[in-house]
Structures are given as structure tokens and as C-alpha cells.
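The primary structure of each chain is shown beneath.
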Amino acid sequence: MAETDYTAEIAQLRSTLSNIEQVSDMEQIKADITRLEAEASAPDLWDDPEAAQKITSKLSHRQTELERVAKLEQRIDDMEVLVELAAEEDDDSAREDVAKELEALRKTMSDLEIVTLLSGEYDERDAVVTIRAGAGGVDAADFAEILMRMYLRWAEQRGWTTKVMDTAYAEEAGLKSATFEVKAPYAFGTLSVEAGTHRLVRISPFDNQGRRQTSFAAVEVIPLIESDDSVEIPEAELKVDVFRSSGPGGQSVNTTDSAVRMTHIPTGIVVSMQNEKSQIQNRAAALRVMQSRLLLVRKAEEDAKKKEMAGDVKASWGDQMRSYVLNPYQMVKDLRTNHEEGNPSSVFDGAIDGFIDAGIRWRAGARHSED
């Protein structure tokens, strides 16, 4: 590539970064940092550890956002100098370094563009993911467990913290359902594009005749409630049952009725928690997830009313959003974005960034067309 091409590439990178800065509202980020630094320096900060943790976490997140943009600006400046040196010295090795750095910068810029698209009301929140086996019997239960491992591996590779909150094991293999928390900035906004019905086509390992089977699993993603969201639930609307926690095969993992099943009577929403050590902890965790689900229900109702008033009641998500085909060919394909991968094993091992990035861009485009 000629030096003039590098100059054009650098100009394009600067233009993209400028757009990112405008969308991200860097002045607001700087103002947030100033305010949070003042709150974090208060002498009584740690009198309320939970509130202190939220303040310091938000401050760290905002500082990271600012540093990420500053580092990109510096890398572009450094690359410009490297291009000039390579041209002056006619150094092929330096040109190779420029090409590698250019590719790395494109990838970093693309990742940052994805973050700027996460502008929904709850996108910055932690996420609670629930996976449920659908049609397909034991294959569906096994598929639910495969999906859970896929998401946990994906989060692990990102360095994100996860916590399994509830698991209901199927009798023969796999899971009836599982719920886990993902703690990271923008976890909900990132993972929410994974919500929907997932379909698996394969030769069933549970069919002694070796027939191809189709099974389904549902993925639900909700934002984790925060204490200041004020989602009040009257006690009269809740039914709480306690039962004994259990592991695979129904074997007892403790001898006390510590697990909690909470039902919101008006909506029929059910939340189960059994992975905490005490009934009080499981009840608190169940209430928090119940509040999170009701918060999302309220938001969906508000959005539906807005669309109805606008005379536009089209559904933006189909029942089936992704197919994982292992037989007669190997392919994972998202039916909304048409993004596909030919290595299902890699996908099931957590390589789903391509699907998530395509989903976020697709959703942003859908929102833009609705406005």
C-alpha cells in the first residue's frame, strides 16, 4: 500500500473517532468524572458500603471510557509518525508494522463503535440471563446446558464476572432451566441481542437409532435491578414457596428448605433461586430478579403504547433468531442479521462476538428506521 493510502486510512480513523466522541458525549463523561470524584472523596463514603461500591464502580467505568478514547488518539498520532519514518527511510519492515497497527486500530475502533450503539435506557446495567429448554425433549434440555456453557465461556474470555443463581436439572440430561448473572459495564446492552429462541439441528446422542433431531431453547436477558429503580411489589401480589435445593438427578445438596420459588400473581412471572446458602439470601435474590423482570415488562408496555399511538405495531423480533446446524452440514446462522459461522464447536466454546456485534448493529438500524 502506498503512503498516500495510509494517509487516507489515518484520516478515516480520525473521522470515525470524532464521530464516536460526539455520540459518546465526552464533555458529559468528563462532568460525570468530576462529580463522582467529589462523591468518592467524601469522608463518610464507606458508611454505606453498597452505595460506595456503586460510586467507585461508576467512576472507574467513566475514567476507562475517557482513557480508551485518549489512548486511541495517541495510537493514531504514533501511527502517523511511523508512516512518515517508513517513507523517509524506505523501510519495508516499518511498513509491515504500520499495516499491523492499522489492522489493530480498525478492530479497536469497530469495538468502540459497538459500545456507542449501546444507548438504551438500561444498556449499562449488569444482566440476568435465563435459559429454558423448549420443544425437543432431552435434546432440548441438553441444548439448554450447551447454551449456558457457551455464554459462561464467552463471559470468561472477556474477563467478565458471572454467578449462577439457579439451575433446574432435567431427569435424563441437561437443564430444564438456568439463571445466571453477568456483572460488567454494558452487560445487558451487549447480551440483550441474544434474547429469543435458539434452534439446534443434529444427530441426537440420545436416540439409539441415530436420527436427526431438532430442538429449541429460549434465552431471556433482563437488566439487573438497582436499589434506586423503586419497583415496589406489594406483598399481597407475591406467592413465596420454599423447597429443598437439589442437584443433578434430584439428589439433595443440603438438608434444609433453603430454595425459594417466587410467583408474581398478577402477571404469573415465576422466579426460582437455590444457589445461595440460606433461605433469606435466596429470597432476596429472587425478589431482585422479580423486580428486574417487572421493570422490563413495564418498559415493554410503555414501548407498546408508544408504537400503538404511532400506528406502528410491527414485531421486531421473530420467535426463532438463530439456528445451530450440526447435520447434514456445519453452520451457525443468525436469521435476523444473516451473520454465520462455519465452526459450531468454536461458537459453542464462546466465540460469539461476531453474532453479538452484528446483532447490536442490526438493532441500532431497526431503532433508527422506527424513529
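Cut-offs applied
Residues numbered from 1 in each chain as written. Predicted model: local features only at pLDDT ≥ 70, side-chain atom pairs only at ≥ 80, totals over all residues. Heavy atoms only, no water. Helix = DSSP H or I, 4+ residues; strand = E, 2+ residues; numbered from the N terminus. Buried < 20%, exposed > 50% of the residue type's maximum accessible area, 1.4 Å probe, protein only. Contact = heavy atoms within 4.5 Å. Areas by Shrake-Rupley, 256 points an atom, 1.4 Å probe, with all protein chains shown as cover. Pairing = 2+ DSSP bridges. Axes fitted to C-alpha atoms, helices over the stretch in contact; angles between N-to-C directions. Phe/Tyr/Trp six-rings, centres within 6.5 Å; stacked < 30°, edge-to-face > 60°. Lys NZ or Arg CZ within 6 Å of the ring centre and 35° of its normal. Expected span 1.5 Å × (residues − 1). Core = buried A, V, L, I, M, F, W, Y, C linked by side-chain atoms within 4.5 Å. Parallel < 35°, antiparallel > 145°, perpendicular 65-115°, else oblique. Left-handed = near helix turned anticlockwise from the far one by under 90°. Nonpolar A, V, L, I, M, F, W, Y, C, P; charged D, E, K, R; others polar. Salt bridge = Lys/Arg side-chain N within 4 Å of Asp/Glu carboxyl O.

Visitor: Which parts of the structure should I look at to understand the overall build of the chain?
Guide: The helix and strand tally for the chain stands at 9 helices and 11 strands. Per-residue burial over the chain gives 38% buried out of 371 residues. Long-range pairs, those at least 24 residues apart, make up 65% of the contacts in the chain with a sequence separation of at least 6. Within the structure as shown, the chain displays about 19,900 Å² of accessible surface, and the carbon and sulfur contribution to it stands at 49%.

Visitor: Please explain the sheet that holds strand β7 (residues 259–264) as it appears in this structure.
Guide: The pairing of strands in a sheet comes from backbone hydrogen bonds and takes either a parallel or an antiparallel form. Spatial ordering of the open sheet is given by β6-β7-β8, a layout of 3 strands whose pairing is antiparallel. Both outer strands of the open sheet, β6 (238–243) and β8 (269–273), are each paired with one neighbouring strand and no more. Mean inter-strand twist for the sheet, computed between neighbouring axes without regard to direction, equals 15°. Relative to β7, β6 runs antiparallel, the two being bridged by 6 bridges. Following the sheet pairing, Asp241 is matched in β7 by Arg261.

Visitor: I'm lost on the sheet that holds strand β4 (residues 196–203) in this one. Help?
Guide: What the 8 strands build is an open sheet, ordered β2-β3-β1-β5-β4-β9-β10-β11; its pairing is mixed. The sheet terminates laterally at β2 (161–169) and β11 (340–341), the two strands that pair on one side only. Helix α5 (residues 137–158) rests against β1 (127–133), β2, β3 (175–183), β4, β5 (212–223) and β9 (320–325) of the sheet, and its axis sits at about 45° to β5.

Visitor: What is the right way to look at the packing of aromatic side chains in this model?
Guide: Describing an aromatic ring pair means giving the distance of the ring centres and the angle of the ring planes. For the structure shown, the criterion picks out 3 aromatic pairs. Between Phe143 and Tyr324, the ring centres sit 5.5 Å apart and the planes meet at 70°, which makes this aromatic pair edge-to-face. Placement of Phe143 in helix α5 and of Tyr324 in strand β9 is noted, with a sequence separation of 181 residues between them. A single burial state applies to Phe143 and to Tyr324, both of which are buried. Each ring, one from Tyr324 and one from Phe348, has its centre 5.3 Å from the other, and the planes form 15°; the classification is stacked. Of the two residues, Tyr324 is situated in strand β9 and Phe348 in helix α8 (residues 344–348); the sequence distance between them amounts to 24 residues. Each member of the pair, Tyr324 as well as Phe348, carries the same accessibility label: buried. By way of ring pairs, the aromatic residues Phe143, Tyr324 and Phe348 are connected into one cluster. The cationic tip of Arg261 hangs over the ring face of Phe243; the distance from NZ or CZ to the ring centre is 4.4 Å. Taking NZ or CZ as reference, Arg336 lies 5.5 Å from the ring centre of Trp362, over its face.

Visitor: Explain helix α4 (residues 92–116) to me, please; I cannot follow it from the model alone.
Guide: One turn of an α-helix holds 3.6 residues; hence residues three or four places apart share an orientation. Its 25 residues place the ends of α4 36 Å apart at the C-alpha level, agreeing with the 36 Å of an ideal helix rising 1.5 Å per residue. Along α4, the positions that sit buried rather than exposed are Ala94, Arg95, Val98, Leu102, Leu105, Met109, Leu112, Ile114 and Thr116.

Visitor: Explanation requested: the nonpolar core in the structure shown.
Guide: Taken as a class, soluble globular proteins show a tendency for nonpolar side chains to be buried jointly. One finds Ile131, Leu147, Tyr151 and Tyr324 to be the most contacted residues of the largest nonpolar core, which totals 56 residues. At 8 residues, the largest contribution of residues to this core is made by α5. Here Tyr324 is in contact with Phe143, Leu147, Met150, His198, Arg199, Leu200, Val201, Met331, Val332, Val347 and Phe348, once residues within four sequence places are set aside. If you look at the next biggest cluster of nonpolar residues, it comprises 23 residues, including Leu36, Ile76, Val98 and Leu102.

Visitor: Just to check I follow, could you spell out the packing of helix α3 (residues 49–89) against α4 for this structure?
Guide: One can describe the packing of α3 onto α4 by two numbers: an axis separation of 10 Å at closest approach and a directional angle of 160°. Here α3 lies roughly antiparallel to α4, going by the angle between them. α4 is crossed by α3, and the crossing has left-handed handedness. Residues Arg68, Val69, Leu72, Arg75, Ile76, Met79, Leu82, Val83 and Ala86 of α3 form the contact with α4, whose participating residues are Ala94, Arg95, Asp97, Val98, Glu101, Leu102, Ala104, Leu105, Thr108, Met109, Leu112 and Val115. Tallied by class, residues from the contact of α3 with α4 come to 15 nonpolar, 1 polar and 5 charged.

Visitor: In this structure, what is going on with the pairing of β7? I would like to understand it.
Guide: Each regular strand shows side chains that alternate between the opposite faces of the sheet. Across the 6 residues of β7, 5 count as buried, placing the element largely inside the fold. Relative to β8, β7 runs antiparallel, the two sharing 5 bridges. The partner of His264 across the bridge, within β8, is Ile269. Linking β7 to β8, which pair antiparallel, is a turn of 4 residues; within it Gly268 sits at a positive phi near 80°.

Visitor: Any chance you could explain the pattern of salt bridges here in plain terms?
Guide: Where charged atoms from two side chains of opposite charge come close, those side chains can pair. Inspection of the entire model under this criterion finds 28 salt bridges. Arg106 serves as the salt-bridge partner of Glu9, at 3.1 Å between the closest nitrogen and oxygen. You can see Glu9 sitting in helix α1 (residues 3–24) and its partner Arg106 sitting in helix α4, a full 97 residues away along the chain. Looking at Glu9, the relative accessible area reads 22%, which means it is partly exposed. The partner of Arg322 in a salt bridge is Glu194, and the shortest N-O contact between them spans 2.7 Å. You can see Arg322 sitting in strand β9 and its partner Glu194 sitting in the loop between α6 (187–191) and β4, a full 128 residues away along the chain.

Visitor: It is not clear to me how the side chain of Thr16 should be interpreted in this structure. Could you clarify?
Guide: Mapped onto the fold, Thr16 is located in helix α1. Ignoring sequence-local partners within four residues, the contact set of Thr16 consists of Met109 and Glu113.

As far as function goes, none of this settles anything; it's purely spatial.
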